[in-house]
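# Residue-level structural notes
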Amino acid sequence: MNLAEGVQLVSLIILGAMMLASALGVVLLANIVYSAFLLGGVFISMSGMYILLNAGFVAAAQILIYVGAINVLILFGIMLVNKEEPYLEGSRVWIGRAATALVCLGLFALLGAMVVATPWVISQAPAAGELATVEIGKHLFTDFLLPFELASVLLLMALIGAIVLARRELLPDDEQNTQSALTLPERPRFVAAAKALSEPAQR
Amino acid sequence: MQLEYFLLLAAALFCIGIYGLVTSRNAIRVLMSIELLLNAVNLNLLAFSNYLDPAEIKGQVFGVFIISIAAAESAVGLAIVLAIYRNRNTVDMEQFNLLKW
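These lines cover the structure that appears in this document, whether it is placed above or below.

Quick notes on the rules
Residues numbered from 1 in each chain as written. Chains lettered and ligands numbered in written order. Predicted model: local features only at pLDDT ≥ 70, side-chain atom pairs only at ≥ 80, totals over all residues. Heavy atoms only, no water. Helix = DSSP H or I, 4+ residues; strand = E, 2+ residues; numbered from the N terminus. Rg over C-alpha atoms; globule rule 2.2 N^0.38 Å. Contact = heavy atoms within 4.5 Å. Areas by Shrake-Rupley, 256 points an atom, 1.4 Å probe, with all protein chains shown as cover. Axes fitted to C-alpha atoms, helices over the stretch in contact; angles between N-to-C directions. Parallel < 35°, antiparallel > 145°, perpendicular 65-115°, else oblique. Nonpolar A, V, L, I, M, F, W, Y, C, P; charged D, E, K, R; others polar. 1 Å grid on protein atoms, 1.4 Å probe; cavity = no way out; pocket = protein on both sides within 12 Å on 5 of 7 lines; lining within 4 Å. Points joined across faces, edges and corners; volume = space filled by probe spheres on them. Buried area = accessible area lost by both parts, 1.4 Å probe. Salt bridge = Lys/Arg side-chain N within 4 Å of Asp/Glu carboxyl O. Polar contact = N/O pair within 3.5 Å; in protein donor to acceptor, adjacent residues only side chain to side chain. Phe/Tyr/Trp six-rings, centres within 6.5 Å; stacked < 30°, edge-to-face > 60°. Buried < 20%, exposed > 50% of the residue type's maximum accessible area, 1.4 Å probe, protein only.

Counting secondary structure elements, chain B contains 3 helices and 0 strands. Of the regular secondary structure in chain B, the N- to C-terminal order runs α-α-α. Against the compact-globule benchmark of 13 Å for 101 residues, chain B has a radius of gyration of 17 Å, which places it well outside the compact range. Oriented by its inertia axes, the alpha-carbon framework of chain B measures out at about 50 × 25 × 20 Å. Sequence-distant contacts in chain B: of pairs separated by 6 or more residues, those separated by 24 or more amount to 59%. Summing over all exposed atoms, chain B offers an accessible surface of approximately 3900 Å²; the carbon and sulfur share of this is 66%.

And the structure:
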């Protein structure tokens, strides 16, 4: 093992540990704002792994789209539906969680056994490396042209669909309706804060 | 040997995502778990592209497609969550029983 391979292995271990810890935090933490920020950590470590895999263009796209767009969108969503509500926990919730964890561990064992047992045919061809962006562009405009155009149509459909779904449907015809349309349907912050202060033992 | 490391990491991320998808009560956390699943698939595709097909990198093209589809999915999913929140005044997954009978 020469120096470059050692550096690759160490960075893979660091990135993998970061990714797994952040992903567990996303799933297990109680506060959803922490989960959203840890999701950004998952995306950034994934982008580092893409760089290890000679995919610089996809790594840049990952940071731009996932961290810059999707994560910010999720944070906005959290702010818009931010309401304190006590989830009614049954007494036997842990049975379902334990069963789910068991099934997921079994799935991981299955996938791991498959990955280790399969004799992969590692190609010895030289990697595209810095020319990967050129190769992706050639693919997008020759043999992947139809999926590329379909993806653009799908993005347009998703844009229009999201606007139609998220739009308010009431039409403001008089003054009172306009007033109610401009206010968010959530409790004022100080009421929620006072309630949380008055009964802190429930947390 | 490095291909197996990436595949195992992707499998672990996929299983964590499935666990979150099943056990979360908050609808936005379900969306985040779906993003984890998509990222795991993307890591698999790029690992195969680098180790099995390094000259003609079709896996990276698929990765770019998956990223764009994930952006569309996230936008529509959050719009649906907002619409449900406006109608039902909650984001608890247990109380979304519109399609039950």
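On to the packing of helix 2 (residues 32-52) of chain A against helix 2 (residues 27-51) of chain B, then. At a closest axis distance of 11 Å, the pairing of helix 2 of chain A and helix 2 of chain B adopts a crossing angle of 5 degrees. Taken together, the axis directions place helix 2 of chain A and helix 2 of chain B in an arrangement best described as roughly parallel. Facing Ile 32, Ser 35, Ala 36, Leu 39, Val 42, Phe 43, Met 46, Met 49, Tyr 50 and Leu 52 of chain A of helix 2 of chain A, the residues of helix 2 of chain B in contact are Ile 28, Arg 29, Met 32, Glu 35, Leu 36, Asn 39, Asn 42, Leu 43, Leu 46 and Asn 50 of chain B. In the contact of helix 2 of chain A with helix 2 of chain B, the residues fall into 14 nonpolar, 4 polar and 2 charged.

Before going further, it helps to spend a moment on empty space enclosed by the protein. Scanning the entire structure with this criterion turns up 1 cavity of 30 Å³ or more. Looking at the largest cavity, its volume works out to about 60 Å³. Lining the largest cavity are Leu 53, Asn 54, Ala 55, Ala 127, Ala 128 and Gly 129 of chain A together with Leu 46, Ser 49, Asn 50, Pro 54, Ile 57 and Gln 60 of chain B. Per-class residue counts for the lining of the largest cavity are 7 nonpolar, 5 polar and no charged.

If you look at the interface, chain B gives 67 residues, while chain A gives 82 residues. Counting the surface chain B buries against chain A, the share from its top three residues, Tyr 19, Arg 29 and Met 32 of chain B, is 10%. At the junction of chain B and chain A, the tally comes to 0 salt bridges. Counting across the chain B and chain A interface gives 9 residue pairs in polar contact (both at pLDDT 80 or more). Of all the secondary structure elements, the ones that give two or more residues to the side of chain B that touches chain A are helix 1 (2-23), helix 2 and helix 3 (58-88) of chain B. When residues of the side of chain B that touches chain A are assigned to their parent elements, the largest contribution, 23 residues, is made by helix 3 of chain B. A per-class count over the side of chain B that touches chain A returns 47 nonpolar, 12 polar and 8 charged.

With that settled, consider the packing of aromatic side chains. In this structure the tally under the stated criterion is 6 aromatic pairs over all chains. Note on Trp 120 of chain A and Phe 48 of chain B: the rings are 5.3 Å apart at their centroids and 50 degrees apart in plane angle, and the pair reads as tilted. Taken as a pair, Trp 120 of chain A in the loop between helix 4 (93-117) and helix 5 (132-141) and Phe 48 of chain B in helix 2 lie in two separate chains rather than in one. Feature note: the residues Phe 144 of chain A together with Phe 62 and Phe 65 of chain B constitute an aromatic cluster, connected by ring pairs.

Moving on to unusual backbone geometry. Even without being glycine, Asn 54 of chain A reaches a positive phi, approximately 65 degrees. When you line up the elements, Asn 54 of chain A lands in the loop between helix 2 and helix 3 (56-80). Despite not being glycine, Asn 89 of chain B shows a phi value in the positive range, around 65 degrees. Overall, the relative accessible area of 39% leaves Asn 89 of chain B in the partly exposed class.

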